[in-house]
Amino acid sequence: MAVNFLDRASQPDGCPPSAWVLEIAGIAGRSSEFLAYAQRLTLCDPLNPQYWATLAGIARDSGDYELALAAAGSGLALDSRNPRLESEAGLALLDADRHAEFDDFLADMRPTE
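These numbers come from a predicted model, not from an experiment.

A. Spatial organisation of the overall build of the protein chain. Secondary structure assignment for the protein chain yields seven helices and zero strands. From first element to last, N terminus to C terminus, the protein chain shows the α and β order α-α-α-α-α-α-α. Counting contacts in the protein chain only where the partners sit at least 6 residues apart, residues at least 24 apart contribute 50% of the total. Surface exposure of the protein chain reaches about 6400 Å², of which carbon and sulfur atoms provide 55%.

B. Representation of the environment of glutamine 50. With respect to the helices and strands, the residue glutamine 50 is situated in helix α4 (residues 49–62). With sequence-adjacent residues up to four places away left out, glutamine 50 is seen in contact with Asn82 and Arg84. A polar side-chain atom of glutamine 50 sits 3.0 Å from a polar atom in the side chain of asparagine 82.

C. Spatial organisation of the nonpolar core. Core analysis: the largest hydrophobic core is formed by 24 residues, its most contacted members being Tyr37 and Ile58. The element that contributes the greatest number of residues to this core is α4, accounting for seven residues.

D. The environment of glycine 75, seen in detail. Residue position: glycine 75 is located in helix α5 (residues 65–78). Using a relative accessible area of 0% as the deciding quantity, one classes glycine 75 as buried. Expressed as a C-alpha distance, the spacing of glycine 75 and alanine 53, which sit 22 residues apart in the sequence, is 6.6 Å. Apart from residues lying up to four places away in sequence, glycine 75 is in contact with Pro49, Trp52 and Leu85.

E. Summary view of the layout of surface pockets. For the largest pocket, the calculated volume is near 160 Å³. Lining the largest pocket we find Leu69, Ala72, Gly73, Leu76, Ser80, Arg81, Glu86, Ala89, Leu93, Phe105, Asp108 and Met109. For the lining of the largest pocket, the secondary structure elements donating two or more residues are α5, α6 (83–95) and α7 (99–109). Top contributing element to the lining of the largest pocket by residue count: α5, with four residues. Tallied by class, residues from the lining of the largest pocket come to seven nonpolar, two polar and three charged.

F. How the structure looks around the pattern of salt bridges. Scanning the model with the defined rule gives five salt bridges in all. Across the salt bridge formed by arginine 60 and glutamate 88, the nearest N and O atoms sit 2.7 Å from each other. Remark: glutamate 88 occurs in helix α6 and arginine 60 occurs in helix α4; sequence separation between them is 28 residues. Given a relative accessible area of 18%, arginine 60 falls into the buried group. With a closest N to O distance of 3.3 Å, aspartate 95 and arginine 60 form a salt bridge. One end of the pair, aspartate 95, is in helix α6; the other, arginine 60, is in helix α4, and 35 residues separate them in sequence.

The rules we used
Residues numbered from 1 in each chain as written. Predicted model: local features only at pLDDT ≥ 70, side-chain atom pairs only at ≥ 80, totals over all residues. Heavy atoms only, no water. Helix = DSSP H or I, 4+ residues; strand = E, 2+ residues; numbered from the N terminus. Contact = heavy atoms within 4.5 Å. Areas by Shrake-Rupley, 256 points an atom, 1.4 Å probe, with all protein chains shown as cover. Polar contact = N/O pair within 3.5 Å; in protein donor to acceptor, adjacent residues only side chain to side chain. Core = buried A, V, L, I, M, F, W, Y, C linked by side-chain atoms within 4.5 Å. Buried < 20%, exposed > 50% of the residue type's maximum accessible area, 1.4 Å probe, protein only. 1 Å grid on protein atoms, 1.4 Å probe; cavity = no way out; pocket = protein on both sides within 12 Å on 5 of 7 lines; lining within 4 Å. Points joined across faces, edges and corners; volume = space filled by probe spheres on them. Nonpolar A, V, L, I, M, F, W, Y, C, P; charged D, E, K, R; others polar. Salt bridge = Lys/Arg side-chain N within 4 Å of Asp/Glu carboxyl O.

And the structure:
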């Protein structure tokens, strides 16, 4: 069933279904096949922060950390305290070995007194 869902979701046309695709694609080891899919999600509904988080996660899992950071940034512009987007941005920085930027990212997230 999961493979059929992935095969259907990876088709190049229309607005695809989105539930669980990041998790299923990652488990199946097919994340890189789903970059175009995740980008289509953001085109279908560019104001949906969850679609930006899906793109960020799939890009990060595929090793495209710059795209992951850009997608997380687009989503955070819509919902500045979305924990999934914050997580994807932080993980992309860590995965890209950008530890100083990660430290700054964490410092910016701390509440001010």
